[in-house]
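Structural description and commentary
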Amino acid sequence: DKNAIRVSANSASGIFYGIQTIRQMLPIAGPNDQNAANLRLPAVKIVDEPRFGYRGMHLDVARHFFSVEEVKNYLDLMALYKFNHFHWHLTDDQGWRIEIKQYPRLTEVGAWRSETRIGHNRDEPAQYDGQKHGGFYTQKEILEIIEYADDRYITIIPEIEMPGHASAALAAYPQLACQPGEYEVAKDWGVFEDVFCPTEETFTFLQNVLTEVTNLFPSKYIHIGGDEVPKAQWERSRFCRRLIRRLDLKDEAGLQSYFISRIDTFLNSKGRKLVGWDEILEGGLSPNATVMSWRGEQGGIEAAKQGHDVIMTPNSHCYFDYYQGDPEQEPLAIGGNLPVQKVYEYQPIPSGLDAQAASHILGAQGNVWTEYIKNEDYLHYMVFPRAAALAEVLWSPKEKRNWPDFASRWEDHLPRLAKRNLRPAMQMFGLVDSIYLEGKEIVLDLHTIAREGKIHFERDSIDPSPSSPVYTEPITIKENTTFRAAVFRDEQQLGNVYRENFLYHQAIGANLAQEGLWSDSYTGGGAKALVDGRSGTLNHTDGHWQGYEGSRLNLTIDLGSVQEISSIDMHFLYHPDNWIMLPRRIEILASQDGNNYTSIRDVSYPAPRRETIAPRREKLSTIPPDAFRYLKVQAQAVPSLPAWHPGYRQKGWMFVDEIIFN
């Protein structure tokens, strides 16, 4: 009211979150500003509570090390947006970051790599910076950070990776591996065969490490990783084969379950709960374990149905190391594409769960893997505004969330963050397109949520400027067109340049019929996406590709009348890093009447090899008969990923885009 601000809650943390609300409402002024004494707030009443009890953010300090001060800054930002769990990824192949007094070589050796790969991990030939990289937190520093987080009502969950992602630990103590030899702290990214051997010596080592970890961290959860565990070393190990027989296990997946169960039992004896990535489900899951579902939502759904607690963190919505715009206009990132609106629209409780299973969804978490995030400025750029969007997903009632309203309120936060010298990404204030077909015409409709933003465009290959023509209404395209547009305010560009090359061909607007549909995650824009004049790029999330997970494509294209076509070009994506393979087989058939078809192309692609992982667009060209009306395309995705792939035995994806008729 006009005399006072009152905050009441049923816990101290509630009072703290109420204060954060006040902070967000305050005008932008600091204690030294001359008008600070005249700050005013509206007299309002706010009754508020979080939707989910677990509201998490993650930070990987193993790939790139962040200082104590930088970690504290991260915690400050988490507190402002009412996150209450900090998942601290402290060990991986590329570095061991926590002092363990009983094993000093973990930081003497494991905390330092000789150099770091430059460019993307798939670039060939590989290049390196030649600079030693590393660092670690002393136990005194860790206690300092824990106290700092506790003052902000944030619980820190430490992660000690096992049994995979162990290169740094094995470089320090190679006797813990199944295969003799010298190990080094990894200087590349990816998944390595270096894993802990499930010997008694290894379990003694890990229990001693976890004893020091639990003595430091008061969190009831201890994260043990459990993801991406190649089984090759175990398969070659005589000890492991004997252990599998002695324990009457089915295979190496059962051995992984045994490994996790041993650690789970030990943590339970310390009064702690094990949490791990969804791979810990493989081979059977310990009854007390909590699952973090990262490979989509299926692992979380399965775990919840089994009665396990689940933290949702699917890479489709919660991986903030993904690109958030056109990769050609963004700093280097691991891949993918996750715009802030997709984060904001995430629903942590999957549809189809009954009330009992849904009660096991504790909340969700944003993950920040730092293979390509080398410093604090880039960290902030990747995290915000996506973290703010996730904060609202986890706090606000589902029915109260509104994307345009969030975008408007986020603009009000920009000056506040600027005072902290924090520069968030601005892509959300760029352009969003709506492309549809009207008969044989392509219609392009553009809009922006930026306040007072004007759209300027060019119909050629140059980028627009504030002096370019102003976009005022949808544009009709009836020929090959290179289109560029951007949003400007006060002659400053907001977001990236919108770039689209439209290929106008004879099948634009043709009728399509499919038996079995594409994945809901990769629709390409709808039913006519394969003949809408836009071709997918190497970015599989660019919105143009249609994706099929382990299934068939059975497509019929009707041109409406018998026509003479000189060539047909069809495009597929090959991107093993994202589990996307070329089809096992493609057959193309043509017909004049829709009943009698003639096969005009039948192609089988060889099984992919580890050496050929560079992504590419594969064009399949076909010379059709003199005249036809109907074209049928039948393609089969690979039924399972090859043995060398981290997703071995799981379904592969097939990505299809524009079918061009000339």
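Notes on the structure follow. Source: prediction; values computed, not measured.

Time to look at the overall build of the chain. Along the backbone of the chain there are 16 helices and 29 strands. On the principal axes, the C-alpha backbone points of the chain span a range of 80 × 75 × 55 Å. Counting all 662 residues of the chain, 55% fall into the buried class. A separation threshold of at least 6 residues defines the contact pool for the chain, and within that pool the share at least 24 residues apart is 71%. Counting every atom, the chain has about 29,100 Å² of accessible surface; 46% of that belongs to carbon and sulfur. For the chain, the distance from the average site of its 69 positive side-chain charges to the average site of its 88 negative ones is 4 Å.

A few words now on the state of the cysteines. As enumerated under the stated definition, the model contains one disulfide in all. Between the sulfur of C178 and that of C197 lies a disulfide, 2.1 Å long from S to S. The S-S bond linking C178 to C197 shows a torsion near 90°; that makes this disulfide right-handed. Of this pair, C178 sits in the loop between helix 5 (167-172) and helix 6 (200-216) while C197 sits in the loop between helix 5 and helix 6, and the two are 19 residues apart along the sequence. As far as burial versus exposure is concerned, C178 and C197 are alike and both buried. Of all cysteine sulfurs, the one in C178 lies closest to C240, which takes part in no disulfide; the gap is 3.6 Å.

Along the chain, K632 turns up in strand 28 (residues 628-636). In contact with K632, other than residues within four places in its own chain, are N554, L555, T556, E587, I588, L589 and Y597.

With that settled, consider the packing of helix 8 (residues 238-246) against helix 9 (residues 252-269). When two helices pack together, their arrangement is given by the angle between their axes and by how far apart the axes lie. The N-to-C vectors of helix 8 and helix 9 enclose an angle of 80°; their axes lie 10 Å apart at closest approach. Here helix 9 runs roughly perpendicular to helix 8, going by the angle between their axes. In this structure, helix 8 contributes C240, L243 and I244 to the contact, and helix 9 contributes E252, L255 and Y258. Per-class residue counts for the contact of helix 8 with helix 9 are five nonpolar, no polar and one charged.

Throughout the structure, instances matching the rule amount to 31 salt bridges. Between D309 and K273 there is a salt bridge; the shortest N-O distance is 3.7 Å. Residue D309 is located in the loop between helix 10 (298-305) and strand 13 (310-312), and its partner K273 is located in strand 11 (residues 273-277); the two are separated by 36 residues in the primary sequence. Note on K273: relative accessible area 26%, which makes it partly exposed. Among the salt bridges present, the one from E587 reaches R585, with a minimum N-O distance of 3.6 Å. The class of R585 is partly exposed, set by a relative accessible area of 39%. Beyond isolated ion pairs, a larger network of salt bridges with shared partners links D60, R63, D92 and E371.

The next subject is the pairing of strand 25 (residues 585-591). Within strand 25, six of the seven residues are buried, which leaves the element mostly enclosed by the surrounding structure. Relative to strand 26 (residues 598-604), strand 25 runs antiparallel, the two being bridged by six bridges. Residue pairing for strand 26: A590 is matched across the bridge by T598. Where strand 25 hands over to strand 26, the hairpin turn is made up of six residues, of which G594 adopts a positive phi near 85°. Pairing analysis gives seven bridges linking strand 25 to strand 28, with the strands arranged antiparallel. Bridging across to strand 28, I588 finds its partner in V633.

Mapped onto the fold, E392 is located in helix 15 (residues 386-395). Looking at E392, the relative accessible area reads 12%, which means it is buried. Look past the residues within four positions of E392 in its chain and what remains in contact with it is Y344, R401, F406 and R409.

Quick look at helix 8 now. Inspection of helix 8 places C240, L243 and I244 among the buried residues, and these make up the whole buried set. An end-on view of helix 8 places all buried positions within 100° of arc, on one side of the element. More than 90 degrees from the buried face of helix 8, the exposed residues found are R238, R245 and R246. Regarding helix 8, its N-cap is S237, as a side-chain oxygen of that residue lies 3.3 Å from the backbone nitrogen of F239 further along. Downstream of helix 8 by a residue or two, D248 has a phi angle that is positive, lying close to 55°.

Packing of helix 6 against helix 9 brings their axes to within 11 Å, and their N-to-C directions diverge by 40°. Overall, the two elements helix 6 and helix 9 adopt an arrangement that is oblique. In this structure, helix 6 crosses over helix 9, and the sense of that crossing is right-handed. From helix 6, E200, T202, F203, L206, Q207, L210, T211 and T214 reach across to helix 9, where they touch Y258, F259, R262, I263, F266 and L267. For the contact of helix 6 with helix 9, the class distribution of residues is eight nonpolar, four polar and two charged.

Scanning all chains against the criterion turns up 33 aromatic pairs. A network of ring pairs unites the aromatic residues F65, Y74, F86, W88, Y137 and F217 as a single cluster. In this structure, K82 packs its charged tip against the face of W395, placed 4.7 Å from the ring centre. Lying over the aromatic face of Y344, R401 brings its terminal NZ or CZ to 5.5 Å of the ring centre.

Here is what the cut-offs are and how they apply
Residues numbered from 1 in each chain as written. Predicted model: local features only at pLDDT ≥ 70, side-chain atom pairs only at ≥ 80, totals over all residues. Heavy atoms only, no water. Helix = DSSP H or I, 4+ residues; strand = E, 2+ residues; numbered from the N terminus. Buried < 20%, exposed > 50% of the residue type's maximum accessible area, 1.4 Å probe, protein only. Contact = heavy atoms within 4.5 Å. Areas by Shrake-Rupley, 256 points an atom, 1.4 Å probe, with all protein chains shown as cover. Lys, Arg positive; Asp, Glu negative; His and termini not counted. Charge placed at Lys NZ, Arg CZ, Asp CG, Glu CD. Disulfide = S-S within 2.5 Å. Axes fitted to C-alpha atoms, helices over the stretch in contact; angles between N-to-C directions. Parallel < 35°, antiparallel > 145°, perpendicular 65-115°, else oblique. Nonpolar A, V, L, I, M, F, W, Y, C, P; charged D, E, K, R; others polar. Salt bridge = Lys/Arg side-chain N within 4 Å of Asp/Glu carboxyl O. Pairing = 2+ DSSP bridges. Arc of directions from axis to C-beta. Polar contact = N/O pair within 3.5 Å; in protein donor to acceptor, adjacent residues only side chain to side chain. Left-handed = near helix turned anticlockwise from the far one by under 90°. Phe/Tyr/Trp six-rings, centres within 6.5 Å; stacked < 30°, edge-to-face > 60°. Lys NZ or Arg CZ within 6 Å of the ring centre and 35° of its normal.

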